[in-house]
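# Close look at the chain arrangement
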Amino acid sequence: MSKIKLLLDVVQDIRSLADSLEVMADAMCDSRSAPKTLELKPTKEVHDEPKLTLEDVRSVLSGISANGHGAEIRELLKKYGQTKLSEIDPKDYPALLADAEVLK
């Protein structure tokens, strides 16, 4: 390519860049004068507690049981109407753990 052709390409690129900058500057000026309104989409509640799994509860209860509170853990399971942890309703896990924390 000749040097003149290269220079013409550079000039064209600079003009294209200038046009783009002008469009961007106009958009910024328009956005400053217009009130900003954001459309918020409803999302899940941010403060949701993480779901407890059977493994999470089993881990905590086994630690408490290992500290000599096995009989009390069995009584807690009976309080929730079951004899096995796997039979406890997952919605009762937080309450069960709260009751078990007292045993620590």
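Right above here is the structure, for reference.
Summary of the structure given here. (Residues numbered from 1 in each chain as written. Predicted model: local features only at pLDDT ≥ 70, side-chain atom pairs only at ≥ 80, totals over all residues. Heavy atoms only, no water.)

### Structural notes on a nonpolar patch on the surface
- Together, L17, L21, M24 and M28 make up a nonpolar patch on the protein surface, roughly 390 Å² of accessible area in all.
- As for its placement among the helices and strands, L17 is situated in helix α1 (residues 3-33). (Patch = residues over 30% accessible without salt bridge, like charges linked within 9 Å, V, L, I, M, F, W, Y side chains within 5 Å. Areas by Shrake-Rupley, 256 points an atom, 1.4 Å probe, with all protein chains shown as cover. Salt bridge = Lys/Arg side-chain N within 4 Å of Asp/Glu carboxyl O. Helix = DSSP H or I, 4+ residues; strand = E, 2+ residues; numbered from the N terminus.)

### Examining helix α3 (residues 93-101)
- Buried within α3 we find Y93, L96, L97 and A100. For α3, the angular spread of the buried residues around the axis is 95°, confining them to a single face.
- Where α3 is buried, its residues meet α2 (54-79). (Buried < 20%, exposed > 50% of the residue type's maximum accessible area, 1.4 Å probe, protein only. Arc of directions from axis to C-beta. Contact = heavy atoms within 4.5 Å.)

### Brief notes about the nonpolar core
- In terms of nonpolar packing, the biggest core is built from 14 residues, with V57, L61, I73, L85, I88 and L96 touching the most fellow members.
- Contributing elements (two or more residues each) for this core: α2 and α3.
- A total of six residues in this core trace back to one element, the largest contributor, which is α2.
- For L85, the contacting residues outside a window of four places in its chain are L54, V57, R58, L61, L77 and L96. (Core = buried A, V, L, I, M, F, W, Y, C linked by side-chain atoms within 4.5 Å.)

### Notes on the packing of α2 against α3
- Where α2 contacts α3, the two axes come as close as 9 Å, and the packing angle between them is 60°. Relative to α3, the element α2 lies oblique. Crossing hand, α2 versus α3: left-handed. Note on element contacts: α3 touches α2 through Y93, L96, L97, D99, A100 and E101, opposite L54, V57, V60, L61, I64, I73, L76, L77 and K79.
- Per-class residue counts for the contact of α2 with α3 are twelve nonpolar, no polar and three charged. (Axes fitted to C-alpha atoms, helices over the stretch in contact; angles between N-to-C directions. Parallel < 35°, antiparallel > 145°, perpendicular 65-115°, else oblique. Left-handed = near helix turned anticlockwise from the far one by under 90°. Nonpolar A, V, L, I, M, F, W, Y, C, P; charged D, E, K, R; others polar.)

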